[in-house]
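Secondary and tertiary structure notes
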Amino acid sequence: MDFTEAIFARADMQQIAEFLLHGYGCAPDLRTYWERTEGTLSRVIDRLFADYPNRAEFEEISGLVYACVSAFEAVYMEIGVQAGVLLAAQVCSARNAAERREPVHD
């Protein structure tokens, strides 16, 4: 395997995100997005309902949790889109530079 194949083999969105956020890689999580989010959500709801069995209190605290998660979701989506644009620009720039240096043969 040459070095480019090794790079493409490591090109995994989860690993890139983990590296950008924490500076190290991770084992890919093969569950679907739905499985990953619903598993966590179920645990949070179960715990909140155990601590707040009164329906009104449960609705109040779960509403606060959803509002917090929504704010984080929006912020990190914006950051992700911006990072994606920066990465895409770097890829285009590198590709253009490579094409200027090497003639393309059909």
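Data block above holds the structure.
So, a few notes on the structure that sits alongside this text. Along each chain, residue indices are assigned from 1 in the same order as the chain's sequence is written. Reporting of local features is limited, given that this is a predicted model, to residues whose pLDDT is at least 70; pairs of side-chain atoms are given and counted only at 80 or more, and all residues count toward the totals for whole chains, interfaces and linings. By convention in this description, side-chain values take in all heavy atoms of the structure and omit both hydrogens and water.

Strands here are runs of E lasting at least two residues and helices are runs of H or I lasting at least four, both read from the DSSP assignment and numbered beginning at the N terminus. Here, expected helix span is obtained from the residue count minus one, scaled by 1.5 Å. Between its first and last C-alpha atoms helix α4 (residues 55-101) spans 67 Å; for 47 residues at 1.5 Å apiece the expected length is 69 Å, and the two agree. Among the residues making up α4, those that are buried are Phe58, Ser62 and Ala97. Along its buried surface, α4 packs onto α3 (33-51). Where α4 begins, one side-chain oxygen reaches toward the backbone nitrogen of Ala56, 2.9 Å away; that side chain belongs to Asn54. With a 1.4 Å probe rolled over the protein chains alone, any residue whose accessible area is under 20% of its type maximum counts as buried; one over 50% counts as exposed, and the rest are partly exposed. By the convention used here, residues are in contact when the closest approach between their heavy atoms is within 4.5 Å. Definition of a polar contact: a pair of N or O atoms within 3.5 Å, with one able to donate and the other able to accept a hydrogen when the atoms are protein atoms, and with sequence-neighbouring residues admitted only if both atoms are side-chain atoms.

Criterion for a salt bridge: a side-chain nitrogen of Lys or Arg within 4 Å of a carboxyl oxygen of Asp or Glu. Per the stated rule, a full pass over the model turns up five salt bridges. Between Glu59 and Arg55 there is a salt bridge, and its shortest N-O distance comes to 3.3 Å. Residue Glu59 and its partner Arg55 are located together in helix α4, separated by four residues, close to a single helical turn. On the basis of relative accessible area, Glu59 is assigned to the partly exposed category, the value being 41%. Beyond isolated ion pairs, a larger network of salt bridges with shared partners links Asp29, Arg31 and Arg36.

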